[in-house]
Amino acid sequence: MLASRFLRPLSTRCLSTAVSPLGGGSGTLSLFSPSEEHVGLREMVRSFAESEVEPQALEHNRTETFNLPLFRKLGDLGLLGVTVEEEYGGSGMDATACVIVMEELSAVDPAFCLSYLAHSCLFLNNLNQNGSHEQKVKYSPGACSGEIVGGMCMSEPGAGTDVLGMATTATPKGDDYVINGQKMWITNGTVDGVNTGDAFLVYARTGEARSDVSMFIVEKGMPGFSLGQKIENKLGMRASMTAELVFEDVVVNKSQLVGQLNGAAICMMRNLEIERVALAAMSSGIARRCIEEMAKYSTTRKAFGKPIGDFGQIQKMIAESYAEYMASKSYIYNTSNNLDLSSAGNVMDSDGVKLFAGKMAKDVADRAIQVLGGNGYTGEYRVEQLWRDAKLLEIGGGTNESHHKNMTKWFGKAGTTLP
Amino acid sequence: MRVLVGVKRVVDYAVKVRVAADKKAVDLANVKMSMNPFCEIAVEEAVRLKEAKKATEIIAVSIGPKAAAETIRTALAMGCDRGIHLTTDARTDQELGPNSVAKLLAKVVEEESPDAIILGKQSIDGDFGCTGAMLAEHLKIPQCTFAAAIDFDAKTVERETDTGTEVVSFPSLPAVFTADLRLNEPRYATLPNIMKAKKKKIDTKAADSLGVELNEGNTVLEVFEPPPREAGIFVDDVDGLVDKLKNEAGVL
């Protein structure tokens, strides 16, 4: 059997020989790969992404299906539990390692990467930070291997940015809690389009005060827990399954309560920080790919007897895209390199990187379609998918408006002097 | 059985190389470098032997600049146990020739006494395809080149030829094997193994401290891109074709 990695189609190969000096030459330490393990991780994920994720991206986008076998390969590579302790089946790495995986996967298939995020960050990392030893022993190894696919339920049909306005309740009943409500926009909410996904961290109201929310682990098959609907016809992120999940008198034992009763708000805020930095990294990967495609096309496509890269309008689009991408990337990695996963209170920059990178990727993707012209408008050239996928990052994991709110509120709390 | 594997740091196979302005070499500035694909296949074969409990130790050796240590780390992350790095500032794509490499590897073999030496069949920068055979000659041991399958129990190797494959047998170990494309499909290093690789040992020595003459007396005169392929022509009939082939192309 010929080594398929060495037979990648020409269109996906890197035609550039120059590598950004800020990023270091290949394999060297830099802001973006601060240790040898990060270097090795990035090379491995990039190689895997180019050989195995790229070829299936277009088709899964078209059919709106989740590639479960490929997802499980991420488990084999030790990527699903990237921030989970080795004791529980993970790889025990840091925020930057998570960001590297996100960026490299998003450069070829942001939708597949989104499902990876929901599982590894929103479920596994949250559980790793906030769960008890018993809960981690029960769920982490299976999630790290990819045997179970997990997600997190926060948003509702009536509560998105106003997350603490959630209406889902968990009422105590003896040794149990009874959960009622609906959750919306749940990535990995379904894996086959028919049943729910395997395990979820579910936020529900358990007290009178606005911030009295608690977090529970709900499993597929629990009576009353069902798939409301698979959300179809999404603009982008189509290969990632999104669902509405319904809770009708779902009884969970108190052993499924994660952390303190009425104490989940801090868990939520803490995990939102790494989630937002990871989403910003997705924007970075999307932008990187768009710039590579623009640069490649501008040297090969000819008009009026010369490569279109000789024309100022194209030069402007490529140069501005590169500078914006590098500025955003530097902000993201500086933030992730200083992000302690067990800490909270990094709102300014976790919200800030996503706010900045989200718009950056959208702009860069738009320029990429423009540079590629008619070809950019077709699926085969990939940039139209990246353009559609990029838009989500201004909404999912926090709308732009939520970042505005959080960041200015933080100024109010912490004072107005900047470092 | 202990196995020695050679790994070379080369220009990544997907990069479109450019000739340097002085036409003396390929321009390597800021170019992405990776492990030679055939070396990856060699490492994979060795790691599979260890997993099948046929090998007890795998040593990865590389001859190259300081950055070649990264290539050894990749080999360690794939499953090799330790590394040997012979450092040199000579360009490994053209200054350091296959005979010099073979002599250096022979020194390593004399020191380490492996039972099997597995190399890639050729490097994708030099493309000589000679190192394995030269190494076997220096050591006076059997060589099985262009291996598509190696059976250490039956002592046979299926090797690739221009007309298909043939099966040869080797009398004994130690022996040199060179890996061809179909020998196996190399694995991705898993993240846990990438992390473990950091703790594995790499011994570093200068290549010119081994008492081997490294200058082979070859000078590269010029490096140039092949001329662009020109358009073909139509001929009217077979006679016209034969005429062109004989009188213009000079191949008949």
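In this text the structure is predicted, and so the values were computed from the model without any measurement.

Undergrad: Looking at this structure, I do not really get the UniProt feature "domain: Acyl-CoA oxidase/dehydrogenase middle" (unreviewed entry) in chain A. What am I missing?
TA: With numbering aligned to this structure, UniProt lists the feature "domain: Acyl-CoA oxidase/dehydrogenase middle" (unreviewed entry) at residues 152-250 of chain A. Helix makes up 0% of residues 152-250 of chain A and strand 48%. Its end C-alpha atoms lie 16 Å apart.

Undergrad: Sorry, what's going on with the pattern of salt bridges here?
TA: Note on pairing: side chains with opposite charge can pair once their charged atoms come close. Residue and element names in this part refer to chain A. As enumerated under the stated definition, the model contains 47 salt bridges over all chains in all. Two residues, D162 and R210, come together in a salt bridge whose shortest N-O distance is 3.0 Å. Residue D162 is found in the loop between β1 (150-153) and β2 (169-173), and its partner R210 is found in the loop between β4 (199-205) and β5 (213-219); the two are separated by 48 residues along the sequence. Note on D162: relative accessible area 39%, which makes it partly exposed.

Undergrad: How should the UniProt feature "domain: Electron transfer flavoprotein alpha/beta-subunit N-terminal" (unreviewed entry) in chain B be read in this particular structure?
TA: The feature "domain: Electron transfer flavoprotein alpha/beta-subunit N-terminal" (unreviewed entry), as annotated in UniProt, sits at residues 23-214 of chain B in this numbering. Counting secondary structure, residues 23-214 of chain B comes out at 30% helix and 28% strand; the distance between its end C-alpha atoms is 23 Å.

Undergrad: Would you mind going over unusual backbone geometry with me for this structure?
TA: When glycine is set aside, most residues are seen to have a negative phi, and most peptide bonds are trans. Following L173(B), the chain continues to P174(B) via a peptide bond in cis, the omega torsion being 0°. Structurally, the position occupied by P174(B) is in the loop between β9 (164-169) and β10 (175-179). A positive phi is found at M237(A), a non-glycine position, where the angle reads about 50°. Position of M237(A) relative to the elements: it lies in the loop between β6 (225-230) and β7 (242-253). Residue M237(A) is classed as buried on the basis of its relative accessible area of 1%. Despite not being glycine, D249(A) has its phi angle at roughly 50°, a positive value. For D249(A), the location among the structural elements is in strand β7.

Undergrad: Which parts of the structure should I look at to understand the side chain of R367(A)?
TA: Residue and element names in this part refer to chain A. With respect to the secondary-structure elements, R367 resides in helix α8 (residues 347-376). Using a relative accessible area of 14% as the deciding quantity, one classes R367 as buried. A distance of 2.9 Å separates a polar atom in the side chain of R367 from a polar atom in the side chain of S321.

Undergrad: Any chance you could explain empty space enclosed by the protein here in plain terms?
TA: Unoccupied space between atoms shows up once a probe the size of one water molecule is rolled over them. Residue and element names in this part refer to chain B. Following the criterion strictly, the structure yields 2 cavities of 30 Å³ or more and no others. Its volume calculated, the largest cavity comes out at about 420 Å³. Along the walls of the largest cavity sit 27 residues, with K8, V101, L105, S123 and T131 positioned nearest its centre. Every element with two or more residues in the lining of the largest cavity is listed here: β4 (57-64), α3 (98-112), β6 (116-120) and α4 (131-139). Each residue belonging to the lining of the largest cavity can be placed in one class, and the counts come to 11 nonpolar, 13 polar and 3 charged.

Undergrad: What exactly am I supposed to notice about the confidence of the model for chain B here?
TA: Any residue range with low pLDDT should be treated as having predicted coordinates unsuitable for detailed reading. Overall, the predicted model of chain B reaches an average pLDDT of 95, with 100% of residues at or above 70. On the interface metric, ipTM, the complex scores 0.88, and its pTM is 0.91.

Undergrad: Any chance you could explain the sheet that holds β6(B) here in plain terms?
TA: Hydrogen bonding along the main chain pairs the strands of a sheet, whether they run parallel or antiparallel. Residues and elements named next belong to chain B. Strand order in this open sheet of 9 strands is β9-β8-β7-β10-β6-β1-β4-β5-β11, and the pairing throughout is mixed. Single-partner strands in this sheet number two, and they are β9 and β11 (202-206). Geometrically, the sheet is characterised by an average inter-axis angle of 35° between neighbouring strands, direction not taken into account. Two strands pair when backbone bridges link them, and β6 and β10 are joined in this way by 5 bridges, in the parallel orientation. Its bridge partner being in β10, I118 is matched across the sheet by F177.

Undergrad: Looking at this model, I keep getting lost on the nonpolar core. Mind explaining?
TA: One recurring pattern in soluble globular proteins is that nonpolar side chains are buried together. Judged by nonpolar contacts, the single largest core of 142 residues is most densely connected at L41(A) and L79(A). If you tally residues by element for this core, the top one is helix α6 (residues 264-300) of chain A, at 18 residues. Excluding residues within four positions of it along the chain, L79(A) makes contact with L41(A), M44(A), V45(A), L74(A), V101(A), Y116(A) and L191(B). Counting residues in each nonpolar core, the second largest holds 25 residues, with I59(B), V101(B), V109(B) and A136(B) among its members.

Undergrad: Would you mind showing me how to read the packing of aromatic side chains here?
TA: Tallied over the full model, the rule gives 11 aromatic pairs over all chains. Judged by centre distance (5.1 Å) and plane angle (80°), the ring pair of F170(B) and F177(B) falls under edge-to-face. Members of the aromatic cluster, joined through ring pairs, are F200(A), F225(A) and F247(A). The ring of F311(A) has K306(A) lying over it, and the distance from NZ or CZ to the ring centre is 5.0 Å. Here the guanidinium or amino end of K329(A) rests over the ring plane of F32(A), the centre of that ring lying 4.8 Å away.

What counts and how
Per chain, residues are indexed from 1 in the order of the written sequence. Lettering of chains starts at A and numbering of ligands starts at 1, both following the order in which they are written. A pLDDT threshold of at least 70 governs which residues receive local features in this predicted model, and a stricter bar of 80 or more applies before side-chain atom pairs are shown or counted, although totals over entire chains, interfaces and linings include all residues. The side-chain numbers reported here are obtained from all heavy atoms of the structure, hydrogens and water having been left aside. UniProt positions are given in the numbering used here, feature names are shortened, and annotations may be inferred rather than shown by experiment. Every helix listed is a DSSP run of H or I at least four residues long, and every strand listed is a run of E at least two residues long, numbered separately from the N terminus. Should a side-chain nitrogen of Lys or Arg be within 4 Å of a carboxyl oxygen of Asp or Glu, the pair is scored as a salt bridge. Only protein chains enter the accessibility calculation, which uses a 1.4 Å probe. A residue is then buried if its area is under 20% of the maximum for its type, exposed if over 50%, and partly exposed in between. Two N or O atoms count as a polar contact when they lie within 3.5 Å, although within protein this holds only if one can serve as hydrogen donor and the other as acceptor, and sequence-adjacent residues are included solely when both atoms are side-chain atoms. For cavity detection a 1 Å grid was placed over the protein atoms alone, and a set of points counts as a cavity when a 1.4 Å probe fits there but cannot get out; an open set counts as a pocket when protein lies on both sides within 12 Å along at least five of seven lines, with lining residues being those that have an atom within 4 Å of a point. Grid points are joined across faces, edges and corners, and a volume is the space filled by probe spheres set on the points. Under this grouping Gly is polar, as are all residues other than the nonpolar Ala, Val, Leu, Ile, Met, Phe, Trp, Tyr, Cys and Pro and the charged Asp, Glu, Lys and Arg. Confidence scores here are pLDDT values: one per residue, from the predictor, ranging 0 to 100. Whether two strands pair comes down to DSSP finding at least two bridges between them. Under this scheme, a helix contributes an axis fitted over its contacting stretch, all axes are lines through C-alpha atoms, and angles between N-to-C directions fall in the 0 to 180 degree range. The nonpolar core is taken to be a set of buried Ala, Val, Leu, Ile, Met, Phe, Trp, Tyr and Cys residues, with the residues joined through side-chain atoms within 4.5 Å. Pairs of residues are marked as contacts when any of their non-hydrogen atoms sit within 4.5 Å. Centres within 6.5 Å are what make two rings of Phe, Tyr or Trp a pair, Trp counting through its six-membered ring; a difference in plane orientation under 30 degrees is then read as stacked, over 60 as edge-to-face, and the rest as tilted. For a lysine, the NZ atom is tested; for an arginine, the CZ atom; a charge sits over a ring if that atom is within 6 Å of the ring centre and within 35 degrees of the ring normal.

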